[in-house]
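Here is how the chains run, residue by residue.
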Amino acid sequence: MTSSMPPKYRALSHLLNTLEHALEDGLIELDERWRDNEEAVGLLLPGDAALAAFVFTYGQPPGRYGVELSFPDPGSPPPAEPLVREELSLARLLGVLRTHFGLPEAA
């Protein structure tokens, strides 16, 4: 799966490998707009590109991630979680992504 991606920072390659089943099963998709960015990756909900997550490593301590979440309806009440979070461990980032995209625990 990640072999078709251009080089990504090790932390992002690890994230993509961890999400490999969710990507292969079509639960989430890669946002091609960030394909050539070594320090970021975009994830989308298939069929609703407005529900997205932008994951980045720039400006983060080693082994940590930042994420910016996007929602389809900007007029809806603000989400319970902040839209931008930084210095997340991989485990915490995966929890945020599972909640955001409604992914199963094993994803």
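Residues numbered from 1 in each chain as written. Predicted model: local features only at pLDDT ≥ 70, side-chain atom pairs only at ≥ 80, totals over all residues. Heavy atoms only, no water.

Chemist: Help me get a handle on the overall build of the protein chain, residues and values and all.
Modeler: Secondary structure summary: the protein chain contains 3 helices and 5 strands in total. Shown N-terminal to C-terminal, the secondary structure of the protein chain runs as helices and strands in the order α-α-β-β-β-β-β-α. Pairs at least 24 apart in sequence give 41% of the contacts found in the protein chain among residues at least 6 apart. Of the roughly 6000 Å² of accessible surface on the protein chain, a fraction of 52% belongs to carbon and sulfur atoms. (Helix = DSSP H or I, 4+ residues; strand = E, 2+ residues; numbered from the N terminus. Contact = heavy atoms within 4.5 Å. Areas by Shrake-Rupley, 256 points an atom, 1.4 Å probe, with all protein chains shown as cover.)

Chemist: Help me get a handle on the packing of aromatic side chains, residues and values and all.
Modeler: For the structure shown, the criterion picks out 3 aromatic pairs. With 4.5 Å between their ring centres and 50° between their planes, Trp-34 and Phe-54 make a pair best called tilted. Of the two residues, Trp-34 is situated in the loop between β1 (29-31) and β2 (40-45) and Phe-54 in strand β3 (residues 48-56); the sequence distance between them amounts to 20 residues. By relative accessible area, Trp-34 is classed as partly exposed at 30%. One aromatic cluster is present, built from ring pairs that chain together Trp-34, Phe-54, Phe-56 and Tyr-58. (Phe/Tyr/Trp six-rings, centres within 6.5 Å; stacked < 30°, edge-to-face > 60°. Buried < 20%, exposed > 50% of the residue type's maximum accessible area, 1.4 Å probe, protein only.)

Chemist: Can you lay out the sheet that holds strand β4 (residues 65-70) for me, pointing to particular residues and giving the numbers?
Modeler: Pairing is antiparallel across the open sheet formed by 5 strands, whose spatial order is β1-β2-β3-β4-β5. The sheet is open, and its two borders are formed by β1 and β5 (84-88), each paired with just one other strand. Each neighbouring strand pair of the sheet contributes to a mean axis angle of 25°, computed without reference to strand direction. Where β1 meets β2, 3 bridges bridge the pair, whose relative direction is antiparallel. Paired with Leu-30 across the bridge in β2 is Leu-43. Running over the sheet, helix α3 (residues 90-101) touches β2, β3, β4 and β5 and is turned about 175° from β3. (Pairing = 2+ DSSP bridges. Axes fitted to C-alpha atoms, helices over the stretch in contact; angles between N-to-C directions.)

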